[in-house]
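Tertiary structure, described
Below, each chain spelled out in residue letters.
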Amino acid sequence: MASEFNKLFDDWSKTYDDTVAGTDPEYRAVFAHYEDILQSVADRADGLILEFGVGTGNLTERILSQGKELIGYEPSVEMRKIAKQKLPGLHLFEGDFLEFPIPDRAPDTVVSTYAFHHLTDEDKKTAITRFHELLSPRGKIIFADTVFANQEAKEKMIRDSLDKNYGRLAQDLQTEYYTTIPVLTEIFGEVGFESAFIRKNDFVWLIEAVKKG
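Let me sum up the structure you'll find in this document. As the structure is a computational prediction, the values presented were derived from the model and not from experiment.

**Details of the sheet that holds strand S1 (residues 48-52)**
On the basis of which strands lie adjacent, the open sheet formed by seven strands has the order S3-S2-S1-S4-S5-S7-S6 and mixed pairing. Where the open sheet ends on each side, the last strands, each with one partner, are strand S3 (91-93) and strand S6 (193-199). Within this sheet the neighbouring strands show an average axis-to-axis angle of 20°, counted without direction. Pairing of S1 with strand S4 (residues 109-113), which is carried by three bridges, proceeds in the parallel orientation. The residue of S4 that forms the bridge with Leu-50 is Val-110.

Okay, here's the thing in structure tokens:
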């Protein structure tokens, strides 16, 4: 995750769990079906799992409750503190999608929720290339994040947000690095993954990319 967002997440850490629970009307649709989204990612992860953007540990907790092995990375100091309080035994390190301590053996799954959009498309490709190099044969990436079907859909969502007077949401959509399915499909294919997308709410798609044989 780009370091430019670290202060945002340090500040957000104390209210993040309230936001994902739907207390902020501007972001309620973004986090609609949040528990189902986390469950979908957790259920698809197996083997040695690397999680990027652990945040307050909500996805992490679900994965560990299934008895799976996980190493977490989170750049925000305050988010790491909360995650460690929730999950004292968690193997959690400072790191992000681009810079992180490499595990001793090849991971089988890379997971993340609501974080990959903090990378530019160029940095997304760099991260995906790195994961392809690290993952075991037929390893996979399982992400859930705000993605748009195409550029027109993104622009419409910005207009809709402005019409609803959701200024903070509209600004986020305009200034953060939300991408489109065609762009991600091309990146995954070029790097060596087969990818599929399942819509989970008006903003979020479940992304599953499997390393080609």
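**Thoughts on the packing of helix H3 (residues 34-44) against helix H4 (residues 58-65)**
Between H3 and H4, the shortest axis-to-axis distance is 9 Å and the interhelical angle comes to 50°. Comparing their axes, H4 and H3 come out oblique. When you trace H3 past H4, the crossing you get is right-handed. Across the interface between the two elements, Tyr-34, Glu-35, Leu-38, Gln-39, Val-41 and Ala-42 of H3 pack against Asn-58, Leu-59, Arg-62 and Ile-63 of H4. Among the residues making up the contact of H3 with H4, the classes are represented as six nonpolar, two polar and two charged.

**Comments concerning empty space enclosed by the protein**
What the rule picks out here adds up to one cavity of 30 Å³ or more. The computed volume of the largest cavity comes to approximately 40 Å³. Residue lining of the largest cavity: Phe-116, His-117, Lys-124, Asp-145, Thr-146, Val-147, Tyr-177, Tyr-178, Thr-179, Leu-184 and Ile-207, and that is the complete set. Grouping the constituent residues of the lining of the largest cavity by class yields six nonpolar, three polar and two charged.

**Comments concerning the layout of surface pockets**
In this model, the second largest pocket occupies a volume close to 270 Å³. Among the elements that take part in the lining of the second largest pocket, helix H7 (residues 151-163) stands out by supplying five residues, more than any other. Tallied by class, the residues present in the lining of the second largest pocket amount to 11 nonpolar, one polar and seven charged.

Conventions used here
- Residues numbered from 1 in each chain as written.
- Predicted model: local features only at pLDDT ≥ 70, side-chain atom pairs only at ≥ 80, totals over all residues.
- Heavy atoms only, no water.
- Pairing = 2+ DSSP bridges.
- Helix = DSSP H or I, 4+ residues; strand = E, 2+ residues; numbered from the N terminus.
- Axes fitted to C-alpha atoms, helices over the stretch in contact; angles between N-to-C directions.
- Parallel < 35°, antiparallel > 145°, perpendicular 65-115°, else oblique.
- Left-handed = near helix turned anticlockwise from the far one by under 90°.
- Contact = heavy atoms within 4.5 Å.
- Nonpolar A, V, L, I, M, F, W, Y, C, P; charged D, E, K, R; others polar.
- 1 Å grid on protein atoms, 1.4 Å probe; cavity = no way out; pocket = protein on both sides within 12 Å on 5 of 7 lines; lining within 4 Å.
- Points joined across faces, edges and corners; volume = space filled by probe spheres on them.

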